[in-house]
Amino acid sequence: MYLAVEDIDHSRTKANHPQTNGICERFHKTLQDECYSLLFRKKLYRSLEELQVDLDAWLEEYNRERPHSGRYCYGKTPWETFQQSRHLALEKDLSRGGDQSDNTTPQHSAVR
């Protein structure tokens, strides 16, 4: 439903071909190695909500404090990379009619 509301095309990757979805596969491995493996050794969770609190804290650290060496980050955190490239997304905002370089606040059109 969300994809339709935001007018986003949904695509799928080939089954049993993790190389076609490498960024997500790498994130899943990092999540397993740096978050779940450690959390489940330290604590017995009694609810999903309890686990969600610890997962949210890990994601905050992952995105805002942990430098990344992957494509586009070059040793910055994902949040820093996002902030530094945000102007590019605003310039390419299709809801504003394509390539815009006036750096104004984007005006979002009504959902089609």
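Residues numbered from 1 in each chain as written. Predicted model: local features only at pLDDT ≥ 70, side-chain atom pairs only at ≥ 80, totals over all residues. Heavy atoms only, no water.

**Points about the packing of helix α2 (residues 22-42) against helix α3 (residues 48-64)**
Following both chains from N to C, one finds α2 and α3 inclined at 130°, their axes separated by 11 Å at the closest point. Viewed along their axes, α2 and α3 adopt a mutual orientation that is oblique. Relative to α3, α2 is oriented so that their crossing is right-handed. Here α2 contributes Phe27, Thr30, Leu31, Glu34, Cys35, Tyr36, Leu39 and Phe40 to the contact with α3, which in turn contributes Leu51, Asp54, Leu55, Trp58, Leu59 and Tyr62. (Axes fitted to C-alpha atoms, helices over the stretch in contact; angles between N-to-C directions. Helix = DSSP H or I, 4+ residues; strand = E, 2+ residues; numbered from the N terminus. Parallel < 35°, antiparallel > 145°, perpendicular 65-115°, else oblique. Left-handed = near helix turned anticlockwise from the far one by under 90°. Contact = heavy atoms within 4.5 Å.)

**Digging into the packing of aromatic side chains**
We describe a pair of aromatic rings using the distance from one ring centre to the other and the angle between the two ring planes. Tallying each qualifying case throughout the model produces six aromatic pairs. Both rings, one in Phe27 and one in Tyr62, keep their centres 5.3 Å apart while their planes meet at 70°; by these two values the pair is edge-to-face. With Phe27 in helix α2 and Tyr62 in helix α3, the pair connects residues that are 35 residues apart, well separated along the chain. According to the relative accessible area criterion, Phe27 is partly exposed, its value standing at 25%. Geometrically, the ring pair formed by Phe40 and Tyr45 is edge-to-face, given 5.8 Å between the ring centres and 85° between the ring planes. When its relative accessible area of 48% is taken as the criterion, Phe40 is described as partly exposed. Linked through ring pairs, Phe27, Trp58 and Tyr62 together constitute an aromatic cluster. (Phe/Tyr/Trp six-rings, centres within 6.5 Å; stacked < 30°, edge-to-face > 60°. Buried < 20%, exposed > 50% of the residue type's maximum accessible area, 1.4 Å probe, protein only.)

**Structural notes on the confidence of the model for the chain**
Looking at the chain, pLDDT values average 80 and 83% of them are 70 or higher. For the chain, per-element mean pLDDT is lowest for helix α1 (residues 2-5), which scores 80, and highest for α3, which scores 95. Here residues 99-112 is modelled with pLDDT under 50, and outside its nearest four sequence neighbours on either side it reaches 19 contacts, counting other chains as well. (pLDDT = per-residue confidence, 0-100.)

**Side note on a nonpolar patch on the surface**
On the surface, a nonpolar cluster with roughly 290 Å² of combined accessible area is contributed by Tyr2, Leu3 and Ile8. Positionally, Ile8 belongs in the loop between α1 and α2. Of the residues examined, Ile8 reaches a relative accessible area of 40% and is grouped as partly exposed. (Patch = residues over 30% accessible without salt bridge, like charges linked within 9 Å, V, L, I, M, F, W, Y side chains within 5 Å. Areas by Shrake-Rupley, 256 points an atom, 1.4 Å probe, with all protein chains shown as cover. Salt bridge = Lys/Arg side-chain N within 4 Å of Asp/Glu carboxyl O.)

**Topic: the pattern of salt bridges**
Enumeration over the complete set of coordinates arrives at five salt bridges. For Glu34, the salt bridge identified is with Arg66, shortest N-O distance 2.8 Å. Placement of the pair is Glu34 in helix α2 and Arg66 in the loop between α3 and α4 (78-91), with a sequence separation of 32 residues. When its relative accessible area of 31% is taken as the criterion, Glu34 is described as partly exposed. Residue Lys43 is joined to Glu50 by a salt bridge in which the shortest nitrogen-to-oxygen separation is 3.8 Å.

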